[in-house]
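# Coordinate inspection notes
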Amino acid sequence: MPANHLPARAGLGLKPQHYAQIIETAPDIGFFEVHAENYMGDGGPPHRYLTAIAERYAISLHGVGLSIGGEGPLDTAHLTRLRALIDRYQPQSFSEHLAWSSHDESALNDLLPLPYTQTTLDTVVAHIDQVQQVLGRRMLLENPSTYVLFAESTIDEVDFLAAIAQRTGCGLLLDVNNVMVSAVNHQTDAASYINRFPVEAVGEIHLAGYDEAEDAVGDRLLIDAHASRVSADVFDLFRHTLSRTGPMPTLVEWDNNVPSFDILADEARLADEAIGQASSQIQRRAS
């Protein structure tokens, strides 16, 4: 059984079309991530396969439905199902998004941004406190990819995330692709964002591929698509991030137009190489 933390290696999202190959071949992958909402049923093939895979690999459980940034109260029934899933599989990590995705009784299909204000900060902090108390464990909160900025925002995003981590004790999931997407869309500097990020709170990194388009005035617009290989500029930013964090568990996300497992494994290999290089650099500096 894996240790109670994710290894500082590359992981992949677990896809149903790859269940059998993973079980039959036991590929050398650091860990697998599953979306919590896909496994909230009581039984069936998904649980059978996940049980077999969780016996061999560390598991990162990633939620997309808590609506941490929503104005209203959290869905306690959803939290109860999430606690049952965590009790069942004892994942090495649990994370959620800094976003909102529900309003009253309606659940939306998007992870929507929120203004960075003191009121929003207090709401998010209260929600994370509730989640961590119900789950009985520390969670990680992921930085968003954004396409618009709110005029009412009064707090910088990095400062907002740092304040959440400080007030709740939660960790942070640093999505490097999200940093690149937001930086290009808002014409800011991605490396500067990483340089200011509270890396002492980081428990996991995400990488992904983006799509590229143009906005209404012809400027470059990046879309967090998770449908292609990790872009070269994101990998460069990842290496810079590792120079600050040191070796970290790193998930390569590919959720749309999912390719063969061999292609995903090759992306994991590239991330593992970067993690290994970061480890070697640290060792050289220490010697």
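This report concerns the structure included in the present document. (Residues numbered from 1 in each chain as written. Predicted model: local features only at pLDDT ≥ 70, side-chain atom pairs only at ≥ 80, totals over all residues. Heavy atoms only, no water.)

Glancing now at the overall build of the protein. Across its full length, the protein holds nine helices and 12 strands. Relative to a compact globule of 287 residues, whose C-alpha radius of gyration would be 19 Å, the protein shows 18 Å and is just as compact. Looking at the 287 residues of the protein, the share that counts as buried comes to 51%. Intrachain contacts of the protein at a sequence separation of at least 6 include 78% that bridge at least 24 residues. (Helix = DSSP H or I, 4+ residues; strand = E, 2+ residues; numbered from the N terminus. Rg over C-alpha atoms; globule rule 2.2 N^0.38 Å. Buried < 20%, exposed > 50% of the residue type's maximum accessible area, 1.4 Å probe, protein only. Contact = heavy atoms within 4.5 Å.)

Moving on, we come to the packing of helix H3 (residues 76-89) against helix H4 (residues 118-135). At a minimum axis distance of 9 Å, the contact between H3 and H4 shows a crossing angle of 45 degrees. Between H3 and H4, the crossing angle belongs to the class labelled oblique. At the point where H3 passes H4, the crossing takes the right-handed sense. Residues Thr76, Leu79, Leu82, Arg83 and Ile86 of H3 lie in contact with H4, whose contacting residues are Gln130, Val131, Val134 and Leu135. (Axes fitted to C-alpha atoms, helices over the stretch in contact; angles between N-to-C directions. Parallel < 35°, antiparallel > 145°, perpendicular 65-115°, else oblique. Left-handed = near helix turned anticlockwise from the far one by under 90°.)

This next bit is on a nonpolar patch on the surface. Residues Tyr147, Val148 and Ile223 make up a contiguous nonpolar surface patch of roughly 250 Å² in combined accessible area. Following the sequence through the fold, Ile223 ends up in strand E11 (residues 220-223). With relative accessibility at 35%, the residue Ile223 sits in the partly exposed group. (Patch = residues over 30% accessible without salt bridge, like charges linked within 9 Å, V, L, I, M, F, W, Y side chains within 5 Å. Areas by Shrake-Rupley, 256 points an atom, 1.4 Å probe, with all protein chains shown as cover. Salt bridge = Lys/Arg side-chain N within 4 Å of Asp/Glu carboxyl O.)

Time to look at the pairing of strand E10 (residues 211-214). As paired elements, E10 and E11 share four bridges and run antiparallel to each other. When the bridges of E11 are listed, Asp211 appears paired with Ile223. Here E10 folds back onto E11, and the loop between the two strands holds five residues, one of which, Gly218, carries a positive phi near 90 degrees. (Pairing = 2+ DSSP bridges.)

Counting buried positions along strand E3 (residues 58-62) gives five out of five residues, so the element sits mostly inside the fold. Burial along E3 is two-sided: the residues Ala58, Ser60 and His62 and Ile59 and Leu61 are all buried. Note that strand E2 (residues 31-35) and E3 share five bridges and pair parallel. Looking at the pairing, Val34 lines up with Leu61 of E3. Handedness of the crossover joining E2 and E3 through helix H2 (residues 45-54) is recorded here as right-handed. The pairing of E3 with strand E4 (residues 93-97) spans three bridges and is classified as parallel. Along E4, the bridge assignment pairs Ser60 with Ser93. (Right-handed = clockwise from strand over helix to strand, strands pointing away.)

Per the stated rule, a full pass over the model turns up 13 salt bridges. As a salt-bridge pair, Lys15 and Asp255 come within 2.6 Å of each other at their nearest N and O atoms. With Lys15 in the loop between strand E1 (10-13) and helix H1 (19-25) and Asp255 in the loop between strand E12 (250-253) and helix H9 (261-286), this residue pair connects regions lying 240 residues apart in the sequence. Residue Lys15 is classed as buried on the basis of its relative accessible area, which comes to 13%. Between Asp122 and Arg167 there is a salt bridge; the shortest N-O distance is 3.0 Å. Here Asp122, found in helix H4, pairs with Arg167, found in helix H5 (residues 157-168); they are 45 residues apart in sequence, far enough to count as distant.

Moving on: H2. Of all the positions in H2, only His47, Leu50, Ile53 and Ala54 are classed as buried. Projected onto a plane normal to the axis of H2, the buried residues spread over an arc of 130 degrees and lie on a single side. (Arc of directions from axis to C-beta.)

Our focus in this paragraph is H9. Over its 26 residues, H9 extends 37 Å from the first C-alpha to the last, a length consistent with the 38 Å expected when each residue adds 1.5 Å. All of the buried residues in H9 are Phe261, Leu264, Glu267, Ala268, Ala271, Asp272, Ala274, Ile275 and Ala278. Close packing links the buried residues of H9 with E1, H1, E2, strand E9 (202-208), helix H8 (232-245) and E12. (Expected span 1.5 Å × (residues − 1).)

In this structure the tally under the stated criterion is five aromatic pairs. Here the aromatic rings of Phe235 and Phe238 are separated by 6.0 Å at their centres, their planes lie at 65 degrees, and the arrangement is edge-to-face. One end of the pair, Phe235, and the other, Phe238, are both in helix H8, three residues apart, so they sit about a helical turn from each other. Like Phe235, the residue Phe238 is buried in the burial classification. It is Arg48 that lies over the ring of Tyr49; its NZ or CZ is 5.4 Å from the centre. (Phe/Tyr/Trp six-rings, centres within 6.5 Å; stacked < 30°, edge-to-face > 60°. Lys NZ or Arg CZ within 6 Å of the ring centre and 35° of its normal.)

Let's shift gears to the sheet that holds strand E7 (residues 140-142). With respect to topology, eight strands assemble into a closed barrel ordered E1-E2-E3-E4-E7-E8-E9-E12, the strand pairing being parallel. The sheet shows a mean angle of 30 degrees between the axes of neighbouring strands, direction not considered. The sheet contact formed by E9 and E12 spans four bridges and is parallel. Bridge pairing links Ala208 to Glu253 in E12. The strands touched by H9 within the sheet are E1, E2, E9 and E12, with E1 carrying the most contacts at an inclination of about 155 degrees.

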